[in-house]
Amino acid sequence: METPTSRSLWHIEQSHFDPQNQRHWETVFTIGNGVFCARGVFEEGYRGEERAAFMHGLFDDVPIHFTELVNLPDALELELFLAGERFSLEQGTLLEFHRRLDLRTGLLERRIRWRSPQGRTTRLHFQRFISLADPHLMLIRFSIHPLDYQGQVEIRAGLNGETDNLQFKHWEWQDQATSPAQARLTCITRKTHLTVALGTYLHIESQADVEREGWDVRNHPVLVARTQVSPEQPVSGEKIVYLYSNRETANPAQIVQARLTQTNAPLWDKAWLAHAIAWQREWEACDVIIEGDEEAQQAVRFSIFHLLIAAPRQDERVSIGAKTLSGYGYRGHVFWDTEIFMLPLFTYTRPEIARNLLSYRWHTLEGARRKARRNGYKGAQYPWESAATGDEVTPTWVPHFADPTQLIRIWTGDIEIHISADIAYAIRQYWQATGDDTFMRERGAEIILDTARFWASRAEWNPDLERFEYTDVIGPDEYHDHVDNNAYTNYLARWHLNTALEILEWLKSHFPETYADLAQRLELTPEELAYWQKVIAHLYCPLDAQTGLIEQFEGYFQRKDVLMADLEPRNVSVQVLFGIEGANQTQAIKQPDVLMLLYLLPDQFSTEVVKANYDYYTPRTDHTFGSSLGPSIQAIMACRVGRPQEAYEHFMRAARADLENVRGNAEDGIHGASAGGVWQAVVFGFAGLQVSDSGWSLKPTLPSHWKRVAFKFMWRGQPIYVEATPQNPSQTHEVSP
Ligand code: IFM
């Protein structure tokens, strides 16, 4: 497995190119600005690459997955012909190769010394960034330096509309215009009729004359520049790209055209300054410092970086998919990964972004209402996988992981219902941290109330046991499906109903008009609210008073006991080892489930309960090959039971998820939940930040080799600076904004 070849606190570097691992590195080297992201492919292409770029909100219909984020027309394309020979790493000799991503600024660069098949040696340097200050701008800068020849270079900078999503084509050509220095292309999605317009401008700096042409090839306009180079006269240039969709503006082609016309090249230095300042602001808000552990430091920044480049700053109708905007995995769909794993970073450091992400759920509430209705329930039931509308888009059947000729039924979209409570939880957490009453009043309350109503109508009365239950569900641990009374689901549902009543009371006393309006619009009657109370009072929430154990679901303890230690050595998941049904019959779990509950609702459980459950579930959890969502939560819970070294092992498993491709699937995209979990593990785990309505406190538990942890978080609009060292575990101070 290829790992970063040198460790730098702010850089991810690669000094050896191995085509076998190129897709992993493309994910790692994804850059973006929260509007669109581009995978780290080579400008000139390479066989077997996963050449993709994604823009938030651009979904189109697709078989099996219903809808998917569409791979944008390719704007990175830059082909070079050096004295008549095509530059490509697929041929010739690679004498030097070095790639580097600067996490501080999102600058991706590549330095190469390459000998062509005919023996000409050239030094090449490529740099690119996607502007954080100008969200529709990408810039590529290149320089070509012949070392032992002179001749003509030809530079071809294209916009290619012939892209696809793993061979499924979404774009249809709509319009284009090409002149020798600039080109424009507009494409439209087949079903959803979303348009995207791209424009490019090619600027060349050469001491010799530059001859230019525009090839107006349909759906693939190309700008061509030719000039003379020699060792004394290298050439450089910029490919400037603009990108707009009709989600932001009625006529994207017109804006792109206007921007092309106004372009005053070279643009790099000016655009860079604004971009770098914008990044500096992000890091001032979000950086986490870990001294004494370079690997952890780098990984934490890498995780934060990838969430920041996927975070919608201007758009409240989109959210971050499980694989961010960095790959095809899960087709851009949004899961609980966003609210429970990624959102806390934003809530506590960039609350404006958290508000956008939560607003996405408000804008998709109608889809959730449709889902509840279709299933025969009241209120709103959020989809397990969500895209543009909030309708359920989890595939029902997918090819089997071991034998793709067989299909597997996917049940999560039908019965993994805890997501509605997860969303309510994230809203309550955001409100608690920010005190943003306006959001709660205008949007959050409606979500919490209508989803609470779903929980009440979904609860089943068991007359024999005189209790409410939720049967036939899937909890966070997806090794077990069709289970009854998953503890996580039941406790969260009870918390949710209680919270809904609390919010109603708050509205009634602070904003009586909003209260009246909501009660009327949602047709909330006193009888219905009394029924919620009844569900709260009688909902089955298991806890064995003697052992302190919480049974993950009914009958879990009767399943075949399996300890992970007894399965070693292994290099596959428990599900692959035992088969789907086989794993279902054991106590092996894919990710923390009861522990997840204990993490989210700490006030409801004693230290003894936490410890008993930690000891029971930890050896039964598939930490290495189960879900990537697990290790960070496991790390936090290990801190809570006072085992920082054990916590560190889990933490590093999360921290390495994408950098070292520990699960072997990083090519599908960044594990966004794991990235968010890494931030949480430092802040809520090692630094021990605990929050409640009355304030926050810190209880650090640092790994023995960490010398200092420092970060900033926002509490009710006030920045708090935290510093923990082994000598002085919890120094904090409020800093002036
Ligand atoms: O949401 C997760 C789930 O918890 C485990 N399987 C993958 C999903 C997407 O990351």
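About the thresholds
Residues numbered from 1 in each chain as written. Predicted model: local features only at pLDDT ≥ 70, side-chain atom pairs only at ≥ 80, totals over all residues. Heavy atoms only, no water. Near = heavy atom within 4 Å. Polar contact = N/O pair within 3.5 Å; in protein donor to acceptor, adjacent residues only side chain to side chain. Areas by Shrake-Rupley, 256 points an atom, 1.4 Å probe, with all protein chains shown as cover. Nonpolar A, V, L, I, M, F, W, Y, C, P; charged D, E, K, R; others polar. Axes fitted to C-alpha atoms, helices over the stretch in contact; angles between N-to-C directions. Helix = DSSP H or I, 4+ residues; strand = E, 2+ residues; numbered from the N terminus. Parallel < 35°, antiparallel > 145°, perpendicular 65-115°, else oblique. Left-handed = near helix turned anticlockwise from the far one by under 90°. Contact = heavy atoms within 4.5 Å. Pairing = 2+ DSSP bridges. Core = buried A, V, L, I, M, F, W, Y, C linked by side-chain atoms within 4.5 Å. Buried < 20%, exposed > 50% of the residue type's maximum accessible area, 1.4 Å probe, protein only. Arc of directions from axis to C-beta.

J.: Any chance you could break down the site of the ligand for me, citing the residues and the numbers?
T.: Surveying the vicinity of the ligand reveals the residues Ala 322, Tyr 330, Phe 335, Trp 336, Asp 337, Trp 384, Glu 478, Lys 590, Gln 591, Ser 627 and Leu 629. Separating a nitrogen atom of the ligand from a side-chain N or O atom of Glu 478 is a distance of 3.2 Å. Notes on the ligand: free accessible area 280 Å², of which the protein chains cover 93%. Residue classes in the shell around the ligand are distributed as six nonpolar, two polar and three charged.

J.: Please set out the packing of helix H10 (residues 437-458) against helix H13 (residues 526-538) residue by residue, giving values where relevant.
T.: Between H10 and H13, the shortest axis-to-axis distance is 10 Å and the interhelical angle comes to 60°. Considered as vectors, H10 and H13 are oriented oblique to each other. The element H10 and its partner H13 pack so that their crossing is left-handed. Contacts between H10 and H13 involve Leu 449, Ala 452, Arg 453 and Ala 456 on the former and, on the latter, Glu 528, Tyr 531, Trp 532 and Val 535. Considered class by class, the residues forming the contact of H10 with H13 number six nonpolar, no polar and two charged.

J.: Quick one: what's the story with the sheet that holds strand E2 (residues 31-32), residue by residue and with numbers?
T.: Spatial ordering of the open sheet is given by E2-E3-E4-E5, a layout of four strands whose pairing is antiparallel. At either end of the open sheet lies a strand with only one pairing partner, and these are E2 and strand E5 (66-71). Where strand E4 (residues 53-62) meets E5, five bridges bridge the pair, whose relative direction is antiparallel. Looking at E5, one finds that Phe 59 is bridged to Leu 69.

J.: Account for the sheet that holds strand E13 (residues 171-178), naming residues and giving values.
T.: Taken in spatial order, the nine strands line up as E1-E8-E9-E10-E11-E18-E15-E14-E13 in an open sheet, and their pairing is antiparallel. Every interior strand has two partners, whereas the edge strands, strand E1 (11-14) and E13, have only one. Taken pair by pair, the neighbouring strands of this sheet meet at an average axis angle of 15°, ignoring direction. The strands touched by helix H3 (residues 268-286) are strand E9 (107-115), strand E10 (121-130), strand E11 (137-146) and strand E18 (235-245); relative to E10, the strand with the most contacts, the crossing angle is about 45°.

J.: Help me get a handle on the nonpolar core, residues and values and all.
T.: Trp 336, Phe 346, Trp 532, Phe 651 and Trp 706 are the most contacted members of the largest nonpolar core, which totals 210 residues. Residue contributions to this core peak at 13 residues, all from helix H11 (residues 487-510). Apart from residues lying up to four places away in sequence, Trp 532 is in contact with Leu 449, Ala 452, Arg 453, Ala 456, Leu 497, Ala 500, Leu 501 and Leu 524. Grouped together as the second largest cluster of nonpolar side chains are 16 residues, Phe 129, Leu 139, Ile 240 and Ala 271 included.

J.: An account of helix H17 (residues 607-617) is requested, with residue identities and associated values reported.
T.: Every buried residue of H17 is accounted for by Val 609, Val 610, Asn 613, Tyr 614, Tyr 616 and Tyr 617. One side of H17 holds all its buried residues, which, seen down the axis, span an arc of 165°. Exposed side chains of H17 directed beyond 90 degrees from the buried face belong to Thr 607 and Glu 608. For H17, the elements touching its buried residues are helix H16 (594-600), helix H18 (630-640) and helix H19 (644-655).

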